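Take a look at the letters that make up each chain.
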Amino acid sequence: MNNKDLAKNVLDLVGGEQNISGLTHCATRLRFVLKDDNKADLKALDQLEGVLKAQNSGGQVQVVIGAKVDAVYSEVKNLTSDKIGELTESTDSGPKKRRNPINVVLETIAGIFTPVLPALVGCGMIKCLATVITAMGYLEGSGFLTIINMIGDCIFYFMPFFLAVSAANRFKTNPYLAVALAAGLMHPTILNAAAQIAETGVNSIDFLGMPILLMKYSSSVIPIILAVWIMSYVYPIVNRVIPKFLQVLLTPMIVLFIMIPVELIVLGPVGSYIGDWLTNGINSLFSTAGVLAGAILGFFKPIMVMFGMHYAIMPIQVQQVATLGATVLLPTALAANLAQAGAAFGVFVLTKSKTMKSAAASSGFTALFGITEPAIYGVTLKYKRPFFAGCLAGGLVGGFYSLVHTTANAISLPGVLAIGTYTSDRYMYVVIGCIAAVVLGFVFTLLAGIKEDTDGNKSKQQATNKVNSNQAAVATDTTPASVSSQTSSDMLIVSPMTGEIKPISEVEDQAFAQELMGKGIAIVPTDGKVYAPFDGVVEALYRTKHAIGLKAANGVEILIHIGVDTVSLKGKYFNAHIEQGQTIQAGDLLVEFDPEGITSAGYNTITSIVVTNMQQYGDVLTTATSGPIRESEPLIKLIP
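Treat the numbers as computed from the prediction; the structure is a model and nothing was measured.

### Section: the overall build of the protein chain
Right, so step 1: Scanning the protein chain from terminus to terminus reveals 21 helices and 22 strands.
Right, so step 2: In the protein chain, the share of contacts with a sequence separation of at least 24, taken over all contacts with a separation of at least 6, comes to 74%.
Right, so step 3: On the protein chain, roughly 27,800 Å² of surface is accessible, and the fraction owed to carbon and sulfur atoms is 61%.

As structure tokens, this is what we get:
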């Protein structure tokens, strides 16, 4: 299934565009905020080909895709309107459901830090490169190494600016005023004065009798988030008070006049103290009960990933690196990730399924580089024992890393490519821990064994067929249609249009060409009319009118899909003469379309006509694979 097909099915199974109030994605999963979670078919999503796992966690419906999530996300966005924002709350005037405050906090953290991750990881990997070059003794003191170090450090030095934009998007307030708030924290008046406290003895600035404490905010996390959050309430209040003809001039001025002093006097110091308290608290925990803390985090990290809770510790990791230059949390994540990689390789050895061997090998290597969702959802969790074998191995190595005081000096994906950013009592301990995590995960999985699911592939195919037949056309974003034919022993379906017959394999849509939607035939139309091939019912009519589902009394189901990717035309060039649920007679005009208009818009008009419930028949045959055909002439033959 290609990315577009997968996106269409996912969109349908979460309840359609009208049920989505917010959407974003992280490294491996789509994250939907839905108006009604009950409309999402998690079971069907979970079994859909291309989906590793579907779950409702943290107030979101999370659809785990794996490494190609960015491409699938783009396809989903292409299929939806611009009204769907990044994890926005619904503006629907209907009743709001009460939400768990913890879920709201987790969702907010994820919504703020997920967009920043590419910059965090990119700078982290550059920092890793600089560390390796320095350790090897090359280019010491060179301009090249200076610039590389600068690139690695830039996101931490300017962290408030990155988080200001992300937080503004999350809290739905003006992003440019949010950046201005970050500039207030980062202004040289504050930073330079804070750096000179030891020399001048001045640690505050008087503002109308209130002290502004001089603090370094260049690497802070919490102050700017608090400031943007408060501004999201202040801005609309000010805007309501100011007359409309003065809003452009006065609203930004008043908001900044209020917010920058407030953030410097109250929010900045409070946020800094909270950040320092969390950072020092975690470090104290690891210094007093380091082995136990490391073991617990190493064991539960994959479980946190399952529920999307790993984002809750992201601000602490960033704050630790920014404040102390290193974090004690990432080594436990490194241990957990590599242990799941080892468990996946164990499944590769144990399984007899060629499909699962391929999945285990590829996801195992992906986990080595720091992305574990494909290994967890696609392999280890499927058999359960390997998952917990990996958790146990991660816990043991996480405890070992804490024992030898392993830390990471940059935020990066916890995988083998980033081990240059890790330090320990002896660097060899970092390498030993990496090898031990993979080996222990592998060995524990071999000892635990797996219970081979011989029906796994069959269940997946049945689930995909179910989606195709009952939810949405995989490649068309429509509900697969149903059609019946005549009641003779060998049932015939006549052609619904006039044109040139083509093999279904020539359709430039793999869902049809590979008969994933069902067996059938294609027609290149010579006019723009689709007629009913029998007496029956319009089972489905997509809103863009490019696809029709029909069903007759004896249960034969067909889908007529006009063109390739014509859903993108959004109904242009199509005119429907029927409605969903309407009873039809053979020969009734169903839909008219403009072939020339569709072609001029860059779309192929080849029409797929497939039997979507083909599994109920002994065989589905076509009367010809090429040549001209007229409407109402025999087209498809069903063998009971």
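### Structural notes on empty space enclosed by the protein
One way to see where empty space is left: roll a probe the size of a water molecule over the atoms.
Right, so step 1: Counted under the stated rule, the structure contains 3 cavities of 30 Å³ or more.
Right, so step 2: Volume-wise, the second largest cavity comes out at about 40 Å³.
Right, so step 3: Taken together, I222, G275, L278, T279, P315, I316 and Q319 make up the lining of the second largest cavity.
Right, so step 4: Counting residues per element, the ones that place at least two in the lining of the second largest cavity are helix 12 (247–306) and helix 13 (314–324).

### Brief notes about the pairing of strand 18 (residues 589–593)
Right, so step 1: Looking at chain direction, strand 12 (residues 529–531) and strand 18 are connected through 3 bridges and run antiparallel. Paired with V530 across the bridge in strand 18 is V591.
Right, so step 2: Relative to strand 18, strand 16 (residues 574–576) runs antiparallel, the two being bridged by 3 bridges. Bridge pairing links N575 to E592 in strand 18.

### What about the sheet that holds strand 12?
Right, so step 1: Judged by pairing direction, the sheet is antiparallel, and its 3 strands sit side by side in the order 12-18-16 without closing on themselves. Taken across any chain shown, the strands that pair with only one partner, and hence form the sheet edges, are strand 12 and strand 16. Averaged over all neighbouring strand pairs, the angle between strand axes comes to 15°, with direction disregarded.

### As for the packing of aromatic side chains
What describes a pair of aromatic rings is the distance from one ring centre to the other and the angle between the planes of the rings.
Right, so step 1: In the structure shown here, the tally under the stated rule is 9 aromatic pairs.
Right, so step 2: Residues F400 and Y429 carry aromatic rings whose centres are separated by 6.1 Å and whose planes lie at 80° to one another, so their mutual orientation is edge-to-face. With F400 in helix 17 (residues 385–403) and Y429 in helix 18 (residues 427–448), this residue pair connects regions lying 29 residues apart in the sequence.
Right, so step 3: Through pairs of rings, three or more aromatic residues link up here, namely Y157, F158 and F161.
Right, so step 4: Positioned over the ring face of F348 is K357, at 4.8 Å from the centre of the ring.

### As for the sheet that holds strand 13 (residues 536–541)
Right, so step 1: If you trace the 8 strands from one edge of the open sheet to the other, you get 17-13-14-15-19-11-10-21, paired in antiparallel fashion. What marks the edges here is a single partner per strand, and that holds for strand 17 (583–584) and strand 21 (627–629).
Right, so step 2: Sheet analysis places strand 11 (residues 519–525) next to strand 19 (residues 607–611), joined by 5 bridges and oriented antiparallel. Bridge pairing in strand 19 places I521 opposite I609.

### What to know about the pairing of strand 10 (residues 499–502)
Right, so step 1: Taken together, the 3 bridges between strand 10 and strand 21 define a ladder with antiparallel strand orientation. Bridging from a neighbouring strand, G499 pairs with I629 of strand 21.
Right, so step 2: Where strand 10 lies against strand 11, 4 bridges are found, and the strand directions are antiparallel. Across the sheet, the residue bridging to G499 is P525, located in strand 11.

### Some words on unusual backbone geometry
Right, so step 1: Despite not being glycine, K384 has its phi angle at roughly 70°, a positive value.
Right, so step 2: Assignment of secondary structure puts K384 in the loop between helix 16 (373–383) and helix 17.
Right, so step 3: The backbone of H405 shows a phi angle near 55°, a positive value even though the residue is not glycine.
Right, so step 4: Following the sequence through the fold, H405 ends up in the loop between helix 17 and strand 7 (407–408).

### Section: the environment of Q247
Right, so step 1: Take Q247: it is sitting in helix 12.
Right, so step 2: If near-sequence neighbours (up to four positions away) are discounted, Q247 is found in contact with N239, I242 and P252.
Right, so step 3: Within the structure, the side chain of Q247 is placed 2.8 Å from the backbone oxygen of N239, a separation counted as a polar contact.

### What about the packing of helix 14 (residues 330–350) against helix 15 (residues 354–368)?
Right, so step 1: The N-to-C vectors of helix 14 and helix 15 enclose an angle of 160°; their axes lie 8 Å apart at closest approach. Classed by the angle they form, the pair helix 14 and helix 15 counts as roughly antiparallel. Judged by the sense of rotation from one axis to the other, the crossing of helix 14 with helix 15 is left-handed. Contact with helix 14, carried on its side by N337, L338, A341, A344, F345, V347, F348 and V349, involves M356, K357, A360, A361, S363, G364, F365, A367 and L368 of helix 15 and no other residues of that element.

### A short note on a nonpolar patch on the surface
Right, so step 1: Taken together, the side chains of F257, I258, V262, V266, V270 and I274 present a nonpolar region at the surface, about 470 Å² in accessible area.
Right, so step 2: Structurally, the position occupied by F257 is in helix 12.

### Notes on the confidence of the model for the protein chain
Right, so step 1: Of all residues in the protein chain, 87% attain a pLDDT of 70 or more, and the chain-wide mean is 81.
Right, so step 2: Of all the helices and strands in the protein chain, helix 19 (residues 456–470) carries the lowest mean pLDDT, 43, while helix 18 carries the highest, 95.
Right, so step 3: For the stretch residues 86–97, pLDDT sits under 50, and the model shows 28 contacts to residues farther than four places along the chain or on other chains.

### A closer look at the nonpolar core
Right, so step 1: Counting residues in each nonpolar core, the largest one holds 73 residues, and the members touching the most others are F113, L120, F156, L163, I224 and V318.
Right, so step 2: In terms of nonpolar packing, the next biggest core, distinct from the first, is built from 34 residues, V530, F574, I578 and L590 among them.

### A word on helix 18
Right, so step 1: If you check helix 18, its first and last C-alpha atoms are 32 Å apart, about what 22 residues at 1.5 Å a residue would give, namely 32 Å.
Right, so step 2: Along helix 18, the residues classified as buried are V430, G433, C434, A437, G441, F444 and T445. Each buried residue of helix 18 lies within a common arc of 120° when the element is viewed along its axis, so the set occupies one face. Facing away from the buried side of helix 18 by over 90 degrees, the exposed positions are I435 and L447.

Cut-offs used in this document
- Residues numbered from 1 in each chain as written.
- Predicted model: local features only at pLDDT ≥ 70, side-chain atom pairs only at ≥ 80, totals over all residues.
- Heavy atoms only, no water.
- Helix = DSSP H or I, 4+ residues; strand = E, 2+ residues; numbered from the N terminus.
- Contact = heavy atoms within 4.5 Å.
- Areas by Shrake-Rupley, 256 points an atom, 1.4 Å probe, with all protein chains shown as cover.
- 1 Å grid on protein atoms, 1.4 Å probe; cavity = no way out; pocket = protein on both sides within 12 Å on 5 of 7 lines; lining within 4 Å.
- Points joined across faces, edges and corners; volume = space filled by probe spheres on them.
- Pairing = 2+ DSSP bridges.
- Axes fitted to C-alpha atoms, helices over the stretch in contact; angles between N-to-C directions.
- Phe/Tyr/Trp six-rings, centres within 6.5 Å; stacked < 30°, edge-to-face > 60°.
- Lys NZ or Arg CZ within 6 Å of the ring centre and 35° of its normal.
- Polar contact = N/O pair within 3.5 Å; in protein donor to acceptor, adjacent residues only side chain to side chain.
- Parallel < 35°, antiparallel > 145°, perpendicular 65-115°, else oblique.
- Left-handed = near helix turned anticlockwise from the far one by under 90°.
- Patch = residues over 30% accessible without salt bridge, like charges linked within 9 Å, V, L, I, M, F, W, Y side chains within 5 Å.
- Salt bridge = Lys/Arg side-chain N within 4 Å of Asp/Glu carboxyl O.
- pLDDT = per-residue confidence, 0-100.
- Core = buried A, V, L, I, M, F, W, Y, C linked by side-chain atoms within 4.5 Å.
- Buried < 20%, exposed > 50% of the residue type's maximum accessible area, 1.4 Å probe, protein only.
- Expected span 1.5 Å × (residues − 1).
- Arc of directions from axis to C-beta.

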